[in-house]
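# A look at the structure
Read off the chains here:
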Amino acid sequence: MELRARDLSHEPVIVQIEDLVVETAGKTRFPVLKGVSLNIRRGETVCLVGESGSGKSVTSLATMGLLPKDALVVRSGTIRLKGENLLALSPSAMKDRRARDLAMIFQEPMTALNPVMKVGAQITEVLDLHSRMGTAEKRARVIDIMEQVHLPDVQRIYDSYPHQLSGGQRQRIMIAMALILEPALLIADEPTTALDVTTQKQILSLIAELQEKHGTAVLFITHDMGVVAEIADRVCVMRHGEILESGPIREVLEQPKHVYTRALLGSVPSLVPREARDDASGASVIAARNLGKTYHTGSFLGKKSQVRASFGVNFDLSPGRTLGIVGESGSGKTTVARSIMRLIEPTEGQILLDGDDIAHLSPSAMKPKRKKLQVVFQDPFRSLNPRWTIARSMTEGPLNYGMSRADALAEAKRLLKIVSLPEDALGRYPHQFSGGQRQRIAIARAVMLKPDVLVADEAVSALDVSVQAQVLDLLAELQRQTGIAIIFITHDLRVAAQICDEVLVMKRGEVVEQGPASRVLHQPQHDYTRALIDAAPGRFWDFAAGKPLVA
Amino acid sequence: MTNIDRSAADKPLALRLLSMVSPAQTGLAPFIAAIMLLAVILLTIFSPQIATHDPLAMDPLMRLKPPSEAHLLGTDGYGRDLFSRMILGGRISLLIGICAAVVALGLGVLIGLVAGYFRLADAIIMRAMDALMAMPSILIAIGLVALNGPSIGSVIMAITIPEVPRVVRLVRSVVLTAREEPYVEAAMALGSSTPKILFQHLLPNTMAPMIVQGTYIIASAILTEALLSFLGAGISTEIPTWGNIMAEGRQYFRINPGIILWPGLLLTICVLSINLIGDAARDALDPRMKKRQA
Amino acid sequence: MLSYIFKRVLSVVPVLFLVSVFVFLMLRLTPGDPAAILAGDNATPETLQRIRDAMGLNEPLLTQYVKWIAGILRGDFGTSLISGVEVLDLVAKRVGPSISLAVLTIIIAVLVAIPMGVIAAWKHRSWVDYLVMSFSVLGFSVPVFLVGYVLLLVFSVKLGWLPPQGFKPLSAGIAPFLERAILPALTLASIYIALIARMTRAAMLDVLNEDYIRTARAKGVGERRILFVHALKNAAVPIATIVGAGFALLISGVVVTETIFNIPGIGRLTVDAVLARDYPVIQALILLTASVYVAINLLIDLSYSLFDPRIRY
């Protein structure tokens, strides 16, 4: 696999966006897009890449004519599709162009399909609206496109409702619906962000395959540099409503001109695993022995069923080291984290904290142990009580364990400095901080109790890549200073490679492989681990160094 | 976009309530409603000063008179001044509304917290609430008043009991959602005790919906009181309330419909204002809580 | 599916049991001698004794309850303390007018309210929306009896278009029935329309914000099809729920409306029984209406799978 380097200069330009300005509606006009220009040729993929709030989705919605009417308006500029200015079209003419000349797929395949309509009917609806085919002909056309997107058992899926399909299958339905009339332009807005990496890989290659076949121009919106490296012919880097830099993929990745692009590329964690640090002490601070959790469902009349959310988890972790638990959604990694935290009670095995089994302790017996075991959650917007000041949130733990308020506040001040937040943050509320800042506050709150073990449950997954890098650095720094042991739950192999000494790979509740990160991620033994690594987007490229990775 | 919405809902209660006062944010309706409600309240509070006649003084010679200079809105079947009776009647009606709301909220929040947090209690409590919901509130209310006698206390109780299950359901659903929040789990990890989590983390979450629900209860309690009196199952007829005045007007409806219409109008203005303020409070406090709890 | 229906029907039992306990205890737990309460202030000792015997008030509570509930399960709701007639006969005679009134009301309300809510959601923040919302808030704020009297005043007293009071069954012909039933039905429908329109609007607004509506727009689906094909079916579950929950409102409305329009139905029976403290009748009415409420909401619950394929049993 390598970067795309196709010469498309002989192909006609399909889309031409010029000087597009979008502002918020209402009296106070706030610019959201400040003059965006780009063009896409037939068969070409242009990636719009940027962090949240950069305006990349607004660009795509403006092109589709789907900006939320009462919130955003196009002030000036043109969007030409095959030479025709879309912004000058009447609403009904624009409605007619959609699906026929330009189509769009969205981020959330789980919610993008109408839950009460069969998927076959939803694809057929496109033909109902834009063609005059007979019923049999329509059905044949729909079956054909469903086969083109490689759906299995097409006849059955035709009559299925969305909730009966997996996320990947739903995204294939979306693609089938978008491409059935062979539009000149396909806009894909983060179409794989909500999917697991292995599914993501399949969807990306499907889009590339169909693009090849139909000569579709693709505008691909993403925040993930790995995905960009996989599929882009050209890249536009966006920030604050402006395109800072654009060019052929190789040029941008090898010689980024703009300082922001360089910073963005530098923040992408490398897939090359770090060397495991020396295990000086050898004594384990936390360990799991055959840990498992089985959920029993079913009522007194219904059939009883059980789900083994996780089982057979074993590990030893000594101070100052980091254990990564890696897996896709439904792998049971979060169940393990919640068991270790004793937010739920495991059904099998032991959790040894300093040698004592805490797996079945009562809440009151657990209380003195909780001090040593702290947690940071994924969503920075929900992990702090919105009604409490930062000071109150941060001192909650120490006050529970009898520290005086003055001492707790002094400690909170000290820690805020360490996580690079101003001292006056103590008197403010969570909504006054950004996501990254809140996550740093959550980390500071967790270490207020001087725990021995920190469980980080997807703690950087909701953050933009540059913020993610800062938070990972902070964790590393805290670990160096305090010798805390970290259990890091993640779906992202890049993150795991960067910070973990040891890795534990889970699939459907089971540990399939574990060992030093440098071995597991470099020379995987298990097929599943290999598949996961294979699927990691852009794995052939070293973004920070700007050159291909040599294996 | 979602982040903007969320941070609006995350702001502390006081800040969100403040935004309600600004007409630029909410339009004119809540503003006008607040002024109308204030007028009604002042009218009833100062009714002894404003009243043109003794609201209880009968005058057999002046029965069922149309509006005149002496009697602003005319007189009732005993020759009593309708205007004076009407503004005095508002006192009891408003008092009953506020008491019913306070009692229903107090009971409902307590039961709802328990039901939301303790799984065992939940099943039993919710079945009992289902049963209470299944009985038409007006039937329970008139049944209770018929049995306990027409005192203000029994009317308040009769209005309150059917309201409790709605509050319980609302509080429970808020608690069930909130207890899954990471910050509640973080509090458990930080060693906070169950009562501390219940009262310091979960209870404040119910404040916003309770303020909104409270205004709706006041409104519906005023209506129910009128309904009870109208059916002859309300507070003793010697005390003028809006319901009692209208109930007495029934038999004279063809001669002097004003006896029903004027107090009815004032009551409607009052309840309407409270409902509009409730809607505005709901929009200001929680953009996500769009549906009226019915 | 069948086992689900069975389970749902079974789950109704504890609710109805608790209702019966509430109804039973309401009288017994009232402070004072229940017989004295029922008999009123100037009762003779003989009357008191007669009431005690009729209701078995001298026995222990549990025995009383078991006897009472056993009777009800056999269809024996006791006899009226006032007229001495079997309660069930009394109720059976009055049920017809109330049911026909309720059905007419629901038809009017659904036909008016759902289009109102849909249009308000579609034209969100336009004058149509504000008009619908104003009507809806007003519907919640006016006492039902006031609506009734205003309608009576305008259409019967002033305009003389419709007879003021009374009732003719549907068997007497559609015109005579409608002539007398339309004002009470409109009175009753006012609050119901407010409730359903409001919920329809809220549910539609929620649905119109969903991703799949955006998908439909991206396909080039027109507004009307988006509203009535894509959105309304998705909003059906909360709308159906509110129609069921609103049934409680309907019952209190029936009590008032029948009093104003002098209709010999269940509502009038209730008021008469309450004023006469005819407790066996009150008990029976609360039990019966609660059972009907529970049954209607059970049916609506079971009907969800018609609207939403994700709900399968």
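Residues numbered from 1 in each chain as written. Chains lettered and ligands numbered in written order. Predicted model: local features only at pLDDT ≥ 70, side-chain atom pairs only at ≥ 80, totals over all residues. Heavy atoms only, no water.

Per an unreviewed UniProt entry, the recorded name for chain C is ABC transporter permease subunit, and the organism is Paracoccus litorisediminis. According to its UniProt record, chain C has this under Subcellular location (unreviewed entry): "Cell membrane". (UniProt positions renumbered as here; feature names shortened; annotations may be inferred.)

In the annotation of an unreviewed UniProt entry, chain A is listed under the name Dipeptide ABC transporter ATP-binding protein and assigned to Paracoccus litorisediminis. Comment text from UniProt for chain A, heading Subcellular location (unreviewed entry), reads "Cell inner membrane". Taken from UniProt, the Sequence similarities (unreviewed entry) comment for chain A reads in full: "Belongs to the ABC transporter superfamily."

Let us now look at the interface of chain B and chain C. Of the residues lining the interface, 46 residues belong to chain B; the matching set on chain C comes to 50 residues. A combined buried area of about 4200 Å² lies between chain B and chain C, and 80% of that area is made up of carbon and sulfur atoms. The interface formed by chain B and chain C includes one salt bridge. Salt-bridge contacts for Asp279 of chain B lead to Arg198 of chain C; the nearest nitrogen and oxygen are separated by 2.8 Å. For the interface between chain B and chain C, the tally reads two residue pairs in polar contact (both at pLDDT 80 or more). Elements that contribute at least two residues to the side of chain B that touches chain C include exactly α7 (119-134), α8 (137-148), α11 (194-230) and α13 (258-285) of chain B. (Contact = heavy atoms within 4.5 Å. Buried area = accessible area lost by both parts, 1.4 Å probe. Salt bridge = Lys/Arg side-chain N within 4 Å of Asp/Glu carboxyl O. Polar contact = N/O pair within 3.5 Å; in protein donor to acceptor, adjacent residues only side chain to side chain. Helix = DSSP H or I, 4+ residues; strand = E, 2+ residues; numbered from the N terminus.)

Our next topic: the confidence of the model for chain C. Residues and elements named next belong to chain C. Of all residues in chain C, 97% attain a pLDDT of 70 or more, and the chain-wide mean is 84. Taking the mean pLDDT of every element in chain C, the minimum, 72, falls on helix α2 (residues 34-39) and the maximum, 91, on helix α9 (residues 211-219). Quick note on the complex model: pTM equals 0.82, ipTM equals 0.81. (pLDDT = per-residue confidence, 0-100.)

The next thing to look at is the environment of Ser466 of chain A. Residues and elements named next belong to chain A. Tracing the sequence through the fold places Ser466 in helix α16 (residues 465-482). Considered as a pair, Ser466 and Ala309 are 157 residues apart in the sequence and their alpha carbons are 33 Å apart. A polar side-chain atom of Ser466 sits 2.8 Å from a polar atom in the side chain of Glu51.

All names here are of chain A. Spatial ordering of the open sheet is given by β2-β1-β4-β5, a layout of four strands whose pairing is antiparallel. Each having just a single partner strand, β2 (31-41) and β5 (84-85) make up the two edges of the open sheet. Where strand β1 (residues 13-24) and β2 come together, eight bridges link them in antiparallel fashion. Following the sheet pairing, Val13 is matched in β2 by Arg41. Where helix α1 (residues 56-64) meets the sheet, its contacts fall on β1, β2 and β4 (72-81), and the angle it forms with β1 comes to roughly 110 degrees. (Pairing = 2+ DSSP bridges. Axes fitted to C-alpha atoms, helices over the stretch in contact; angles between N-to-C directions.)

Let us look at the sheet that holds strand β10 (residues 242-248) of chain A. All names here are of chain A. One open sheet holds the six strands; their spatial order is β6-β7-β8-β3-β9-β10, and the pairing between them is mixed. Only two strands of the sheet have a single neighbouring strand rather than two, namely β6 (102-105) and β10. Each adjacent strand pair in this sheet contributes to an overall mean axis angle of 15 degrees, direction not counted. Where strand β7 (residues 185-189) and strand β8 (residues 217-222) come together, five bridges link them in parallel fashion. Bridge pairing links Asp189 to Ile221 in β8. Across the face of the sheet, helix α7 (residues 197-214) comes into contact with β3 (45-49), β6, β7 and β8 while running at roughly 160 degrees to β8.

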